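Listed here are the chains, written in short residue letters.
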Amino acid sequence: MIINHPLLGPRDAQEFTYLGDASLISRPDAQDDNAAEKFHDYLYLRDNPAGLHRELWFHESGDRSWLVVTRNTVTHEITDVQLARDVARKEGRSK
Amino acid sequence: MSGPNRLNGGLIDRRTSVIFSFDGKTYQGHAGDTLASALLANDVRLMGRSFKYHRPRGVLTAGSEEPNALVELRSGARQEPNTRATVTELFHGLEARSQNRGFSLKYDFMAINDRFSNFLTAGFYYKTFMWPRAFWEKLYEPIIRKAAGLGSVSFEDDPDVYDKGFLHCDLLVIGSGPAGLMAALTAGRAGARVILAEEDFITGGRLNAETHTVDDMSGSAWAQAVMAELTSLENVRIMTRTTVIGAFDHGIYSAVERVSDHLAIPENGKPRQILWRIYSKRAVLAAGATERPIAFENNDRPGVMMAGAVRAYANRWAVTPHQQVAVFTNNDDGHRTAADLIAKGVDVTGVIDVRPDAPKVAGAELFAGAQVVNSTGRLGLKSVQIRLANGELRDLPCGALAVSGGWNPNVHLTCHQRGKPVWNETLAAFVPGGELPVGLSAAGAANGGLTTAAALKAGAGAAVQALSDLGIQAQMPDLPEAEDTPISLTPFWYVKEGKGRAWIDQQNDVTVKDIKLAHQENFRSVEHLKRYTTLGMATDQGKTSNMGGLAVMAELTGKSIPETGTTIFRPPYTPVSLGALAGRSVGKEFHPTRETPSHKWAAEQGAEFVEVGNWLRAQWFPKAGETHWRQSVDREVLQTRKSVGICDVTTLGKIDVQGKDAAAFLNKIYANAFAKLPVGKVRYGLMLREDGIAYDDGTAARLAEDHFVVTTTTANAVLVYRNMEFARQCLWPDLDVQLISTTEAWAQYAVAGPNARKLLQKIVDPEFDISNDAFPFMACGEITVCGGLRARLFRISFSGELAYEIAVPTRYGDALIRKLMEAGEEFDVVPYGTEALGVMRIEKGHAAGNELNGTTSAFNLGMGRMVSKKKDCIGNILSERPGMNEAGDLNIIGLRPVDPKDPIPAGAHLMNADGEISAKTDQGYVTSAAYSPVLGCSIGLAFLKGGADRMGEILRVSNPLEGTEIRAEVVSAHFVDPEGERLRA
Amino acid sequence: MLKLKSITPLGADEPRVDHFSGLTITEITGRALVSLTARNEQADVTRDKAWTLFGIDLPDVSVSVVGNTYSALWIGPESWMIDAPYDGHEDLADQVKTALGDAASVVEQTDGWCRFDLDGSAVTAVLERLCNADVARMQSGDVTRTQIHHLGCFLWHCDGGFAVIGPRSSAKSLHHGLTEAAQSVC
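Owing to the predicted nature of the structure, the values given are computational and were not obtained by experimental measurement.

Caption draft 1: Local environment of the overall build of chain C. Across its full length, chain C carries four helices and 11 strands. Computed over its C-alpha atoms, the radius of gyration of chain C comes to 17 Å, within 12% of the 16 Å expected for a compact globule of 186 residues. For the C-alpha atoms alone, the extent of chain C along its principal axes is close to 50 × 45 × 30 Å. Of the contacts formed within chain C by residues at least 6 apart in sequence, a portion of 60% connects residues at least 24 apart. By element, 47% of the accessible surface of chain C is carried by carbon and sulfur atoms, the whole surface being about 7,200 Å². Distance from the positive charge centre (14 side chains) to the negative charge centre (25 side chains) of chain C: 5 Å.

So, in structure tokens, the structure goes:
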């Protein structure tokens, strides 16, 4: 597969390490009352869609950016690639 | 003349004679010949024995689709089985042997299988040898393996090298027949980056096999003219002997280039083959079509061949398989074979055409509406029996029968990503359809355009379209004049008459009867049919047989062929040697090797090395007179604990962490607190996974307010860095922290033992005070050594002794170890390896990879109290889960054998002193064990249920797998210096 | 004066040179390297201070800027590798850190790497057998990170040739990979 890196352009997927569902960005707040339950869901509950899937890839043999790649799990078509850091900030993550 | 069957003309170089041997007999061919064409020229039709029944077989085709003519090439380490004679270029001294036969090809005692064919029908594996079960492995399988099979391997290392490579292009053109050449020419003229890949050793494809003219030139001459222009274009790369074997996601193709297969031995240093990974923006599949046979009784005799192949042998290689040839066809294309052979003076004894309205043939007798119902000739075809249209039987003498059942477009690559081909009624064949791999289009015969004119036009058109997608304007070239006669065809798959076997898949010995049996036993879906009968599962992947099998099944089920469907085509298109897939990553180069800075010195000392990941580390340093590794290791441990020892610890991962929020970041990464670590201090840190399980430990040294150096275990260096980047970029993107690995930049040595300080004081520059007061346990700092060399000093201890780790720029690592050893002479300094390191850490009770094994929590490791409850860090929430910290859970403990002579077996399980030994009564397990020279007995670290409260208890240490059991006492994990006085000294 | 003698990444006293027909592989040991990463919201300050110190602009994605003494290679978002002659810059990290202060994180990288320069008419064909970078399309000054012989390396097109900068501990493996490929092609 080819991942169109937002900074570097098309790069072979072999250069990346795959992590999984991009929902891993949404780490729960440890201060929440039911934090343990939320961490459980965060860690263990995943959708497994046949179709568009947002997932995390690490450009290990490249610029060391984590990317959020939107990939169709049926066709492998990649419709969107963003720097995970930008996505995380958009989702309200900060310090 | 090189052989009795050589004709005039052709594209061979008659001035160059090539001497080769087949089954020990010497023959002569010409440059430009394949092994198959040269053997046919020499009147050799029998080339092998079939897979299951050992039936005599000859060549069927003239290309890579060949199912029968598989031979062993070369000898010694280069012996190579199952190569197709049809694509083997003849070279001087080529040795070829037939395979899957007994003493000789002509007299094969295993042909007895043929007599028992009724027992060996479809599904025989499943039915025959079911009982008794134990017989399968010991009796049946070895017999079958010996009887059924292909060639043999040399069992020697392949002496040749294989490369991998990477190519980039705008347009990849697969195949160089009329469509491929026009596509490449069109794109080449437009300035696009073009790769033209051709499986054959000459370009032109079918143009070389036909007598059609293109623009008043012979097809092959036209192809050469186009090649001349393509060669002149810098933006076009022409790759012959290169088979594109797979279409992968996003325009990636893989191709095998056979660089040296046509040579006896590769040129010095040159690879045998190259596996290319081609990154293409667009691709055109112009892979042509494959002719399919018509099945009839005994249609597998040597001499029965595809009509197009017979034509190719005659026109390209100037060879006829026999002086008397008959033709059996259901379409006009078969008639071309008759015409071309007649033109070359070959006796065509008849043209049998199943169509009652078949066109006339000049120069040969036509049997319209007739069928071939049987053949004779055990080791080579002698005659065929024909059922004439009027019902009469007729014997027709012929040494070769050219069969044509029509052509199947080579759709394979269009299906490599779920594309399903569609049925074309006119051709009675599947053509590319459905979803092709993105960026791929098919042109010419591969797309069902079976005339030369159609192929030329489609090739050019496909290139124009592909480039226009890329924003490159390409001109449609003037199309040359070429034949444009559609092939009229009446679908006809097999002859129903006859009781004997009619072969569908010749390589796997699958007959019409086998398919009927599969149908009768309800293995009717194509996927079941394939697996039950093994149809299409041989190395040729059913290129000439799948369609026939489908057609028979369709007829039996009363469905149409498209309703019956087709199996999925998968890469590779043709067989690939394992060497090409491995490339250079073989033997010692399977992975890169990492050497530590002291490697050269350690090798000079005669150190034994051990692989730790990619690293090579000194395991121990044997001294003269030491005959057992334990002697060396015991000495290294004792001497270190008595005086001082040195160990290369460069392999531990080092990550440089800087930034305003560096401390806040480490506070989140480590389970224990880091925010308040003073500058100039080191702290042990434990990392948890988010699920609360401990996964790595190490130290973090604070070199400045905003600067830490973190160490990881050797094994997890890459993973920890990756996880830290994840935390930095994805979880806390606004923390001001920057990370980079510096593992290799520093050569780092542990200097451990009571005399460690005295030794170091000899090399640390005098302005740096490293006394216990000025530089206490867990201090760190930037210093200089040996007269001004920048260094880092950490007072940390893995051994439990007074110890330091000293780091200098890697280029000085070799000099530093020599300097340290020299300075340590007065203390009898000893270098120690990973074994002694391991012994000392077990003696000290330090957890390592065996304890941080992916199932243990901080609580299990005795570090439960370290996990901060005040801060948010990775893993601390779920480390509180039920089952992770409860009283009675596993605790790390030490084990001492009751009888000091007993070794503690690592991996053994702990059982109560009495009672049954079972999984149910399991009390824990041993993680690490070693002989402690300090204690004079074996010791172990273990996890024990409620272990913290069971000190002094005697347990059984049980290894039921090996039937051993010893008794051991539960003791503290800290065998040496439990109060930590030595390391603070 | 240092009392310690340095060795090359290949473990010798002197850098190694290998000649092939159409390609020369030269081990380079005389360069100092330091990584430079702008702190949060300090990219502009970093660029300004870098310009003052190095006399060059810090480059954009995938390219390098080559100055008289210093060169800068883009290695990641707001992150660069600075290259300078080793002689006179043994303590390059300290020099850069002093000049940039809190604007950037600076890490000594000199001995983390080994470098082999590939020059000659066969260089593109050799690199084709080694990495997936589109070498033929790389312009002078382009830099990319790529895998060579399973090793993450920087590939830097400069001075008409290519520099391969790879992990120092695997220098022998990398050198082996480069010379085998050279032998295949040349």
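Next comes the rest of the description.
Caption draft 2: Spotlight on the overall build of chain A. A tally of helices and strands in chain A yields two helices and six strands. Principal-axis analysis of the C-alpha atoms gives chain A an extent of 45 × 30 × 20 Å. Here chain A holds 95 residues, and the buried ones make up 54% of them. Long-range contacts, defined as pairs at least 24 residues apart, comprise 47% of the intrachain contacts of chain A with a sequence gap of at least 6. Across chain A, the mean location of the 12 positive side-chain charges is 6 Å away from that of the 16 negative side-chain charges.

Caption draft 3: Region of interest: the interface of chain C and chain A. Contact residues are listed per partner, giving 12 residues for chain C and 11 residues for chain A. For the chain C and chain A pair, buried surface summed over both sides reaches about 890 Å², with 43% attributable to carbon and sulfur atoms. At the boundary of chain C with chain A, the tally comes to zero salt bridges. Counting across the chain C and chain A interface gives four residue pairs in polar contact (both at pLDDT 80 or more). Looking at the side of chain C that touches chain A, the elements with two or more residues in it are strand E5 (71-76) and strand E9 (143-148) of chain C. Top element by residues in the side of chain C that touches chain A is E9 of chain C. It accounts for four residues.

Caption draft 4: Seen up close, the pattern of salt bridges. Taken as a whole and judged by the stated rule, the model has 71 salt bridges over all chains. We note a salt bridge from Arg336 of chain B to Glu483 of chain B, for which the minimum N-O separation is 3.4 Å. Note that Arg336 of chain B is positioned in helix H8 (residues 332-343) and Glu483 of chain B in the loop between helix H9 (452-469) and strand E29 (503-505), a separation of 147 residues in sequence. Owing to a relative accessible area of 14%, Glu483 of chain B belongs among the buried residues under this scheme. Its salt-bridge partner being Asp111 of chain C, residue Arg168 of chain C comes within 3.8 Å of it at the nearest N-O pair. A residue pair is termed long-range when its members are at least 10 positions apart, and Arg168 of chain C in the loop between strand E11 (161-167) and helix H4 (171-185) and Asp111 of chain C in the loop between strand E7 (104-108) and strand E8 (113-119) qualify at 57 residues.

Caption draft 5: Just the environment of Val785 of chain B, in detail. Residue and element names in this part refer to chain B. Here Val785 lies in strand E41 (residues 780-785). Assessed through its relative accessible area of 0%, Val785 is described here as buried. Excluding its chain neighbours within four sequence positions, the residues that come into contact with Val785 are Ile763, Val764, Asp765, Ala791, Ile806 and Val808.

Caption draft 6: Representation of the sheet that holds strand E40 (residues 746-752) of chain B in the model. Residue and element names in this part refer to chain B. Across the sheet, six strands lie side by side as E41-E42-E43-E40-E34-E44; this open sheet has mixed pairing. Every interior strand has two partners, whereas the edge strands, E41 and strand E44 (830-831), have only one. Along the sheet, helix H20 (residues 813-823) makes contact with strand E34 (645-648), E40, strand E43 (803-809) and E44, crossing E40 at roughly 15 degrees.

Caption draft 7: Layout of the sheet that holds strand E6 (residues 78-83) of chain A. Residue and element names in this part refer to chain A. With antiparallel pairing, four strands are arranged side by side in an open sheet as E3-E4-E5-E6. Two strands bound the open sheet, and with one partner strand each, they are strand E3 (17-21) and E6. Going from strand to strand, the sheet's axes swing by 25 degrees on average, the running direction of each strand aside. In terms of strand pairing, strand E5 (residues 66-72) meets E6 through five bridges, oriented antiparallel. Residue pairing in the sheet places Val68 in a bridge with Gln82 of E6.

Caption draft 8: Inspection of a negative patch on the surface at higher detail. A surface patch of negative charge is lined by Asp87, Glu90, Asp91 and Asp94 of chain C. Mapped onto the secondary structure, Glu90 of chain C falls in the loop between strand E6 (79-85) and helix H2 (92-100).

Caption draft 9: The arrangement of the pairing of strand E13 (residues 242-248) of chain B in detail. Residues and elements named next belong to chain B. For E13, a buried count of six out of seven residues is recorded, marking the element as mostly surrounded by other parts of the structure. Alignment of E13 against strand E14 (residues 252-257), held across six bridges, turns out to be antiparallel. When the bridges of E14 are listed, Thr242 appears paired with Glu257. Counted along the chain from E13 to the antiparallel partner E14, the turn is three residues long, and its residue His250 has a positive phi close to 60 degrees.

Caption draft 10: Representation of the interface of chain C and chain B within the structure. Every contact between the two is made by 53 residues of chain C and, on the other side, 52 residues of chain B. Together, the buried faces of chain C and chain B total about 4,500 Å²; carbon and sulfur atoms form 47% of this surface. Broken down residue by residue, the surface that chain C buries against chain B is led by Leu4, Glu128 and Ser169 of chain C, which jointly contribute 15%. If you look at where chain C meets chain B, you find eight salt bridges. Between Glu108 of chain C and Arg790 of chain B there is a salt bridge, with the nearest N and O atoms lying 2.4 Å from each other. Applying the counting criterion to the chain C and chain B interface returns 33 residue pairs in polar contact (both at pLDDT 80 or more). Of all the elements in the fold, those that place two or more residues in the side of chain C that touches chain B are strand E3 (31-38), H2, E7 and H4 of chain C. Element by element, the count of residues in the side of chain C that touches chain B is highest for H4 of chain C, at seven residues.

Caption draft 11: Summary view of the nonpolar core. Ranked by internal contacts, the top residues of the largest apolar core, which has 59 residues, are Ile646, Leu760, Ile763, Val785, Ile806 and Leu820 of chain B together with Leu36 of chain C. Those residues within four positions of Leu760 of chain B in sequence are excluded, and the remaining contacts are Val751, Ile770, Leu793, Tyr804, Ile806 and Leu820 of chain B. Counting residues in each nonpolar core, the second largest holds 50 residues, with Leu7, Leu73, Leu90 and Val327 of chain B among its members.

Caption draft 12: Spotlight on the domain arrangement of chain C. Residues and elements named next belong to chain C. By the assigned domains, chain C splits into domain 1 (17-29 + 111-185) and domain 2 (31-110). A straight line from the C-alpha centre of domain 1 to that of domain 2 covers 23 Å. Tallying the contact residues gives 12 residues for domain 1 and 15 residues for domain 2. Both faces considered, domain 1 and domain 2 share a buried interface measuring about 1,100 Å² in area, 59% of it formed by carbon and sulfur atoms. Across the domain 1-domain 2 interface, the total number found is one salt bridge. One salt bridge in this structure joins Asp83 and Arg115, with 3.6 Å as the shortest N-O distance. Across the domain 1-domain 2 interface, the total number found is eight residue pairs in polar contact (both at pLDDT 80 or more). Only E8 and strand E10 (151-158) provide two or more residues apiece to the side of domain 1 that touches domain 2. Residues that form the side of domain 1 that touches domain 2 fall into these classes: six nonpolar, three polar and three charged.

Caption draft 13: Looking closely at the packing of aromatic side chains. Within this structure, the stated rule accounts for 18 aromatic pairs over all chains. On the basis of an interplanar angle of 75 degrees and a centroid distance of 5.1 Å, the ring pair of Trp423 of chain B and Phe430 of chain B is categorised as edge-to-face. Of the two residues examined, Trp423 of chain B and Phe430 of chain B, each falls in the buried class. Judged by centre distance (4.7 Å) and plane angle (55 degrees), the ring pair of Phe54 of chain C and Tyr70 of chain C falls under tilted. Placement of the pair is Phe54 of chain C in helix H1 (residues 43-54) and Tyr70 of chain C in the loop between strand E4 (64-66) and E5, with a sequence separation of 16 residues. For Phe54 of chain C, a relative accessible area of 7% translates into the label buried. Exposure remark for Tyr70 of chain C: the relative accessible area of 11% places this residue in the buried category. Seen from the ring of Tyr53 of chain B, Arg501 of chain B lies directly overhead, with NZ or CZ sitting 5.1 Å from the centre. The ring of Tyr573 of chain B has Lys543 of chain B lying over it, and the distance from NZ or CZ to the ring centre is 4.6 Å.

Analysis parameters
- Residues numbered from 1 in each chain as written.
- Chains lettered and ligands numbered in written order.
- Predicted model: local features only at pLDDT ≥ 70, side-chain atom pairs only at ≥ 80, totals over all residues.
- Heavy atoms only, no water.
- Helix = DSSP H or I, 4+ residues; strand = E, 2+ residues; numbered from the N terminus.
- Rg over C-alpha atoms; globule rule 2.2 N^0.38 Å.
- Contact = heavy atoms within 4.5 Å.
- Areas by Shrake-Rupley, 256 points an atom, 1.4 Å probe, with all protein chains shown as cover.
- Lys, Arg positive; Asp, Glu negative; His and termini not counted.
- Charge placed at Lys NZ, Arg CZ, Asp CG, Glu CD.
- Buried < 20%, exposed > 50% of the residue type's maximum accessible area, 1.4 Å probe, protein only.
- Buried area = accessible area lost by both parts, 1.4 Å probe.
- Salt bridge = Lys/Arg side-chain N within 4 Å of Asp/Glu carboxyl O.
- Polar contact = N/O pair within 3.5 Å; in protein donor to acceptor, adjacent residues only side chain to side chain.
- Pairing = 2+ DSSP bridges.
- Axes fitted to C-alpha atoms, helices over the stretch in contact; angles between N-to-C directions.
- Patch = residues over 30% accessible without salt bridge, like charges linked within 9 Å, V, L, I, M, F, W, Y side chains within 5 Å.
- Core = buried A, V, L, I, M, F, W, Y, C linked by side-chain atoms within 4.5 Å.
- Domains from an automatic or database assignment.
- Nonpolar A, V, L, I, M, F, W, Y, C, P; charged D, E, K, R; others polar.
- Phe/Tyr/Trp six-rings, centres within 6.5 Å; stacked < 30°, edge-to-face > 60°.
- Lys NZ or Arg CZ within 6 Å of the ring centre and 35° of its normal.

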